[in-house]
Amino acid sequence: MKKSAFGGVLVLLLLAAATYAAFFVAPLDTRQGLIYRILFLHVSSAWTGLIAFFVCFVANLAYVWRREPRWDWLGIAAAEVGLAFTTVVLITGPIWAHPVWGIWWTWDARLTSTFVLWLLYVSYLVLRTLLEESERRALFSALFGIFAFIDVPLVFGSIRWWRTQHPQPVVMGDPGSGLDPVMLKVLLFYWLAQTGLMILLLAARYQLEAARGDLEIARREMEAA
């Protein structure tokens, strides 16, 4: 079995086990009821998306410093994967919020900064479609990606620095703010599964971008011949 196929099966099993644990192992929250179980998907997707954006940030810095195409390929791959996970966050958040808060959305610091983050990386992808010359496209998108990453620490710290409608942190938060121990273990396990999925998607997307980049280089060489 190829490594990619083995990795896919492993990630699928991890996700299945994590989903089972979220529904049948984690205890029921007496105040929120069944809807709280979306926490495991929502929070783990948020953490995973921020990790992908950090990978994008590192790749952008590396491209500006080294000007090697592989860093551009990694940057675009990580941006797309991070955007996918952040989209899940923005979809699951209102689904969770409406039964608990009585509203779908509010423009508090956490929700607004997350939405701005989503817009920034959508703009990152749009920018790449507007520039045809590969080196210019890679440099401009890398510089924009470095700028876009500024919002990541704002998203992370928003519920620590300001009072928001969004719940306060349940991991690395104030004393007494933590989850039930079983809930926390299930959440970390779900995050492990999501991280595995992120790595799988990132590797596949990087290979696609590398193949596209090699094809573009070959086409330029043929035109110059």
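So, how was this worked out
- Residues numbered from 1 in each chain as written.
- Predicted model: local features only at pLDDT ≥ 70, side-chain atom pairs only at ≥ 80, totals over all residues.
- Heavy atoms only, no water.
- Helix = DSSP H or I, 4+ residues; strand = E, 2+ residues; numbered from the N terminus.
- Lys, Arg positive; Asp, Glu negative; His and termini not counted.
- Charge placed at Lys NZ, Arg CZ, Asp CG, Glu CD.
- Buried < 20%, exposed > 50% of the residue type's maximum accessible area, 1.4 Å probe, protein only.
- Salt bridge = Lys/Arg side-chain N within 4 Å of Asp/Glu carboxyl O.
- pLDDT = per-residue confidence, 0-100.
- Phe/Tyr/Trp six-rings, centres within 6.5 Å; stacked < 30°, edge-to-face > 60°.
- Lys NZ or Arg CZ within 6 Å of the ring centre and 35° of its normal.

Bringing the overall build of the protein chain into the picture now. Along its length, the protein chain carries seven helices and zero strands. Ordered by position from N to C terminus, the α and β elements of the protein chain give α-α-α-α-α-α-α. Based on the C-alpha atoms only, the size of the protein chain along its principal axes is roughly 70 × 45 × 30 Å. Looking at charge distribution, the protein chain has the averaged site of its 18 positive side-chain charges lying 6 Å from that of its 16 negative ones.

You can see Leu12 is positioned in helix α1 (residues 3-25). Residue classification places Leu12 among the exposed residues on the basis of a relative accessible area of 60%. Along the backbone, Leu12 and Glu135 are 123 residues apart, and their C-alpha atoms lie at a distance of 37 Å.

Across all of its chains, the model carries seven salt bridges by this definition. Put simply, Arg205 and Glu80 hold a salt bridge, and the shortest N to O gap is 2.5 Å. Residue Arg205 is located in helix α7 (residues 181-224), and its partner Glu80 is located in helix α3 (residues 69-101); the two are separated by 125 residues in the primary sequence. Arg205 sits in the buried class, given a relative accessible area of 12%. Among the residues examined, Glu80 registers a relative accessible area of 30% and is labelled partly exposed. Close ionic contact of Arg212 with Glu209 constitutes a salt bridge, the shortest N to O distance being 3.5 Å. Of this pair, Arg212 and Glu209 are both found in helix α7, three residues apart, which corresponds to roughly one turn of the helix. Using a relative accessible area of 45% as the deciding quantity, one classes Arg212 as partly exposed. Take Glu209: its relative accessible area is 8%, and that puts it in the buried class. One salt-bridge network, held together by shared partners, links Glu80, Arg205, Glu209 and Arg212.

Attention now moves to the confidence of the model for the protein chain. Per-residue confidence for the protein chain gives a mean pLDDT of 90, with 92% of residues at or over 70. When pLDDT is averaged over each helix and strand of the protein chain, the minimum, 88, is found for helix α6 (residues 151-161) and the maximum, 97, for helix α2 (residues 38-66).

The next subject is the packing of aromatic side chains. Using the criterion set out here, one finds 14 aromatic pairs in the structure. On the numbers, 5.4 Å between centres and 75 degrees between planes, the contact of Trp105 with Trp107 is edge-to-face. Among the residues examined, Trp105 registers a relative accessible area of 25% and is labelled partly exposed. We classify Trp107 as exposed; its relative accessible area is 58%. Here Trp107 and Phe115 contribute two aromatic rings whose centre-to-centre distance is 5.9 Å and whose plane-to-plane angle is 70 degrees, an arrangement assigned as edge-to-face. Here the aromatic cluster, defined as three or more aromatic residues joined through ring pairs, consists of Trp105, Trp107, Phe115 and Trp118. Its end group placed over the ring of Phe140, Arg136 keeps NZ or CZ at 5.1 Å from the ring centre.

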